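Next come the chains, spelled out residue by residue.
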Amino acid sequence: QKIFTWKYKGYIIYAHNFSAFDGIFVLRILSSFTEIDPIIKDGKIIQLKVRYNNYTFYLRDSYLMMQASLKKLAISFNVTEKVYSLITLLIIQTYL
């Protein structure tokens, strides 16, 4: 419930490989207590629009934008392996 605060209202949150794996679990959990508007194409979750009270945020898959493993993306962007789990956020900030 910490994500349902004013601070995150309207945020777009990216998760790598969200549409093929984690998104299914997140969809099940969030749909039990929030309103969900999914956009699905070819069996993959492109986006989840999540609404709870007056808060809305979006979940999207960064892998659909950059089709490589996080490790390979970290190498491409010259980020050390120790922090490559943060690479998605860095890349999104670079290109948006």
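Residues numbered from 1 in each chain as written. Predicted model: local features only at pLDDT ≥ 70, side-chain atom pairs only at ≥ 80, totals over all residues. Heavy atoms only, no water.

Caption draft 1: Seen up close, the overall build of the chain. When you go through the chain residue by residue, the secondary structure sums to three helices and four strands. Taking all 96 residues of the chain together, 27% fall into the buried category. Partitioning the contacts of the chain with sequence separation of at least 6, the portion at a separation of at least 24 is 51%. Summing over all exposed atoms, the chain offers an accessible surface of approximately 6700 Å²; the carbon and sulfur share of this is 56%. (Helix = DSSP H or I, 4+ residues; strand = E, 2+ residues; numbered from the N terminus. Buried < 20%, exposed > 50% of the residue type's maximum accessible area, 1.4 Å probe, protein only. Contact = heavy atoms within 4.5 Å. Areas by Shrake-Rupley, 256 points an atom, 1.4 Å probe, with all protein chains shown as cover.)

Caption draft 2: Fine view of the pattern of salt bridges. According to the stated counting rule, one finds two salt bridges in the structure shown. Between Arg 51 and Glu 35 there is a salt bridge, and its shortest N-O distance comes to 2.4 Å. Pair noted here: Arg 51 is in strand E3 (residues 44–52) and Glu 35 is in strand E2 (residues 35–41), with a separation of 16 residues, a long-range link. Glu 35 sits in the partly exposed class, given a relative accessible area of 44%. Salt bridges sharing partners connect three or more residues here, namely Glu 35, Asp 37 and Arg 51. (Salt bridge = Lys/Arg side-chain N within 4 Å of Asp/Glu carboxyl O.)

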